[in-house]
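Spelled out from the first residue to the last, the chains are:
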Amino acid sequence: MNDQNASDWDVVLRGGRVIDPESGLDAVRDVAVAGGQVAAIGTGLRPAPADLDVAGLVVTAGFIDLHSHVNQIPGLRLQALDGVTTALELEAGVAPVAAAYRRAAAEGRPVNYGFATSWALARMAAVAGVALDGRLDTFLANIASPAWQRPAAPAEVTALLARLSADLADGALGIGVLVGYAPQAGPQEYLQVAALAAEAGAPTFTHARDLIEMVPGGLIDGAEEIVRAAGETGAHMHYCHVNSTSQRHIDRVLGLVGRAQDAGARVTTEAYPYGSGMTGIGAAFLAPERLGERGLTPASLTYAPTGERVADAERLRELRATDPGGLVIIELLDEDDPADRGLLLRSLTFPGALVASDAMPLTWAGPAPDPLAWPVPEGAITHPRTAGTFSRALRLLTREGSLGLAEALSKCSLGPARVLEERVPGLRRKGRLQPGGDADIVVFDPATISDRASYADSTRPSAGMRHVLVNGTFVVRDGEIVAGALPGRPVRADPR
């Protein structure tokens, strides 16, 4: 749209530092928005009904989170205040995906949303007879059950592959593979899932199996399994949160991935800038007898519903039995230790590595409040990465790391879009800031952008995020959530 159509513009963001990670534009410009798209980028653009002076602020493409387990409006608002305009559930996935898309559309979302199909849930259905409803809660409720974790018979593998195929045909963005939660699942099954993904032109998103350093007697090294699948099947294998599954073996794992990439394998990585993880307390690798594999003790775990540090193995067994899906914070790396902090930075600065949050659902100490209540009412607990991943990553990468701002932003927007755009052509309009693209835009102060959430105050929004637009609608304006703004749209694949 050119200046002759300026009367149709809805918003002009005037005089900001406009950064487009694809074209390399980094200059003071005005940005006009109309009809949910970027209409024009230039200087001296005519006024619009919403005409904002953003001088001194950065204007860039909204962040795409490939790894968000948040499917509640309060948690997604926290992500929006961290610059996220598209939050995708890809590592765990859901099944059937059609049910998840229908539910999200009916409830409304402040940011764009999308889902991979779920190997874990498909396996629960095929191997253990679990009924599926398109919710992550179903996975958490069955996380500790040995019934779905056992080796699968050939007919059961055929059934789970059929479930995955049906979801891929229904627009699932890829295949989420939580193989680290079912260590008895055979490596050949994993290769069959990768082959299915390659045939469908869909990426996979893997929570890796245990590394050989942690479990010397394991079926296969988790990192080797991912790169082998990429090499043997040609599938695009995305290595989820390489920081948390690799811990102090990050350098070895990244070296392996780098060699696979150099050989032409399609392997991508992501990381979040925190030393602690979070998952259901019933996870296989959190059994008391297995904590030592990761150098952990029960006291390394904080049970979110009560805020307690787990006192001993007996208490851990009790919690795993009574609330297997209860979320728990796991201390893996010491963020205050220079050596461990260096490992985190290397996982983020690795060439091509992406920023992804692994954002977690909010746990409520009491009854869950009205989903539209804002600010987040007292009593909500989550991991600080839900509210602070992208702001923290930008702060670390540009102030403590060696990256320029444009390169750091690319890890949050353009890079994630490229992981999916072959299967999801609509993502070619996201992750960039160009005329004709979707008006998913963040405006922030580069001097003050920073996370503020902590383990003690996990729902505190990030600082420095001034405006966030999703499909041309303000979700955050002047640093505040816009009440009632639910402009998020589904991100869905075009199946082959």
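Scroll up a little and you will see the structure.
(A) Quick look at the overall build of the chain. Helices and strands together make up the secondary structure of the chain, namely 14 helices and 23 strands. In summary, the chain has a C-alpha radius of gyration of 22 Å against a globular reference of 23 Å for 496 residues, a match within 12%. Taking the principal axes of its C-alpha atoms as reference, the chain extends roughly 65 × 45 × 45 Å. Considering only intrachain contacts with a sequence separation of at least 6, the fraction spanning at least 24 residues in the chain is 73%. Per element, the accessible surface of the chain, about 17,200 Å² overall, is 51% carbon and sulfur. The averaged location of the 58 negative side-chain charges in the chain is 2 Å from the averaged location of its 44 positive side-chain charges.

(B) Inspection of the packing of aromatic side chains at higher detail. The final tally for this structure, using the stated rule, is eight aromatic pairs. An angle of 65° between the planes, with centres 6.4 Å apart, marks the rings of tryptophan 119 and tryptophan 148 as edge-to-face. Taken together, the residues tryptophan 119 in helix α3 (residues 119-128) and tryptophan 148 in the loop between α4 (136-141) and α5 (154-169) connect sequence positions 29 residues apart. Here the two residues tryptophan 119 and tryptophan 148 agree in accessibility, since each one is buried. Note on phenylalanine 139 and tryptophan 148: the rings are 6.1 Å apart at their centroids and 75° apart in plane angle, and the pair reads as edge-to-face. Aromatic ring contacts, followed pair by pair, group Trp119, Phe139, Trp148, Tyr181 and Phe285 into a single cluster. The ring of tyrosine 274 has arginine 392 lying over it, and the distance from NZ or CZ to the ring centre is 4.5 Å. Of note, arginine 492 hangs over the ring of tyrosine 101, and the distance from its end group to the ring centre comes to 4.2 Å.

(C) Spotlight on helix α9 (residues 250-262). If you check α9, its first and last C-alpha atoms are 18 Å apart, about what 13 residues at 1.5 Å a residue would give, namely 18 Å. Those residues of α9 not exposed but buried are Ile250, Val253, Leu254, Leu256, Val257, Gly258 and Ala260. Among the structural elements, α7 (222-233), β11 (237-239), α8 (242-246), β12 (267-271) and α11 (338-349) are those in contact with the buried residues of α9. A positive backbone phi angle near 100° is found at glycine 264, which sits one or two residues after α9.

(D) Helix α10 (residues 313-322), seen in detail. Among all positions in α10, only Leu316, Leu319 and Arg320 are buried. The arc that holds every buried residue of α10, seen down its axis, measures 100°, which confines them to one face. Of the exposed residues in α10, the ones pointing more than 90 degrees away from its buried face are Glu314, Ala321 and Thr322. Here the buried face of α10 lies against β14 (301-303). In this structure aspartate 312 caps α10, since a side-chain oxygen of it lies 3.3 Å from the backbone nitrogen of glutamate 314.

(E) Main features of the nonpolar core. Core analysis: the biggest nonpolar cluster contains 129 residues, and Trp119, Phe139, Leu173, Ile175, Tyr239, Leu420 and Phe444 have the highest contact counts within it. Broken down by element, this core gets its largest block of residues, seven residues, from helix α6 (residues 187-200). When residues no more than four places from it in sequence are discounted, the contact partners of tryptophan 119 are Trp148, Leu160, Leu164, Ile175, Gly176, Val177, Leu178, Val179, Ala182, Ala185, Glu189 and Val193. Formed by 17 residues, the second largest nonpolar core is a distinct cluster that contains Val31, Leu433, Leu469 and Phe474.

(F) Region of the structure containing the pattern of salt bridges. This model, assessed by the stated rule, comprises 32 salt bridges. The partner of aspartate 51 in a salt bridge is arginine 14, and the shortest N-O contact between them spans 2.8 Å. Here arginine 14 lies in strand β1 (residues 11-19) and aspartate 51 lies in strand β4 (residues 50-53), a separation of 37 residues in the sequence. The salt bridge partner of glutamate 189 is arginine 123, with a shortest N-O separation of 2.9 Å. Of the two residues, glutamate 189 sits in helix α6 while arginine 123 sits in helix α3, which places them 66 residues apart along the sequence. Like arginine 123, glutamate 189 is buried. Bridged by salt links that share partners, the residues Glu22, Arg418, Glu421 and Arg432 form one connected network.

(G) How the structure looks around the side chain of serine 462. One can find serine 462 in the loop between β20 (441-444) and β21 (465-470). Within the structure, serine 462 has its side chain in polar contact with the side chain of aspartate 82 (distance 2.9 Å). Of the polar contacts made by the side chain of serine 462, one reaches the side chain of serine 391; its length is 3.4 Å. Excluding residues within four positions of it along the chain, serine 462 makes contact with Leu81, Asp82, Ala387, Gly388, Ser391, Ser450, Asp451 and Arg452.

(H) How the structure looks around the sheet that holds β14. Strand order in the open sheet formed by four strands is β13-β16-β14-β15, with antiparallel pairing between adjacent strands. Each edge of the open sheet is held by one strand with a lone partner, namely β13 (276-280) and β15 (308-309). Note that β14 and β15 share two bridges and pair antiparallel. Its bridge partner lying in β15, tyrosine 303 is registered against glutamate 308.

(I) Looking closely at unusual backbone geometry. Here alanine 95 and proline 96 are connected by a cis peptide whose omega angle stands at -5°. In this structure, proline 96 sits in the loop between β7 (84-94) and α2 (97-107). Across the junction of tryptophan 374 and proline 375, the peptide omega takes the value 0°, indicating a cis bond. Of note, proline 375 is situated in the loop between β18 (363-364) and β19 (380-381). A positive phi is found at glutamine 247, a non-glycine position, where the angle reads about 50°. Within the fold, glutamine 247 resides in the loop between α8 and α9. A relative accessible area of 4% means that glutamine 247 is categorised as buried.

(J) Local environment of the sheet that holds β11. A sheet is described by the order of its strands in space; here eight strands give the open sequence β6-β7-β8-β9-β10-β11-β12-β17, paired in parallel fashion. Edge positions in the sheet fall to β6 (63-65) and β17 (354-355), since each of these pairs with one other strand and no more. Here two bridges tie β12 to β17, and the two strands are oriented parallel to one another. If you follow alanine 271 over to β17, its bridge partner there is valine 355. The strands touched by α3 are β7, β8 (112-118) and β9 (175-177); relative to β8, the strand with the most contacts, the crossing angle is about 45°. In the packing of α7 onto the sheet, contacts are made with β10 (204-206), β11 and β12, and the angle to β11 comes to roughly 155°.

(K) Region of interest: the state of the cysteines. The final tally for this structure, using the stated rule, is zero disulfides. We note that cysteine 412 lacks a disulfide partner, and the nearest cysteine sulfur, in cysteine 240, lies 16 Å from it.

Conventions we followed
Residues numbered from 1 in each chain as written. Predicted model: local features only at pLDDT ≥ 70, side-chain atom pairs only at ≥ 80, totals over all residues. Heavy atoms only, no water. Helix = DSSP H or I, 4+ residues; strand = E, 2+ residues; numbered from the N terminus. Rg over C-alpha atoms; globule rule 2.2 N^0.38 Å. Contact = heavy atoms within 4.5 Å. Areas by Shrake-Rupley, 256 points an atom, 1.4 Å probe, with all protein chains shown as cover. Lys, Arg positive; Asp, Glu negative; His and termini not counted. Charge placed at Lys NZ, Arg CZ, Asp CG, Glu CD. Phe/Tyr/Trp six-rings, centres within 6.5 Å; stacked < 30°, edge-to-face > 60°. Buried < 20%, exposed > 50% of the residue type's maximum accessible area, 1.4 Å probe, protein only. Lys NZ or Arg CZ within 6 Å of the ring centre and 35° of its normal. Expected span 1.5 Å × (residues − 1). Arc of directions from axis to C-beta. Polar contact = N/O pair within 3.5 Å; in protein donor to acceptor, adjacent residues only side chain to side chain. Core = buried A, V, L, I, M, F, W, Y, C linked by side-chain atoms within 4.5 Å. Salt bridge = Lys/Arg side-chain N within 4 Å of Asp/Glu carboxyl O. Pairing = 2+ DSSP bridges. Axes fitted to C-alpha atoms, helices over the stretch in contact; angles between N-to-C directions. Disulfide = S-S within 2.5 Å.

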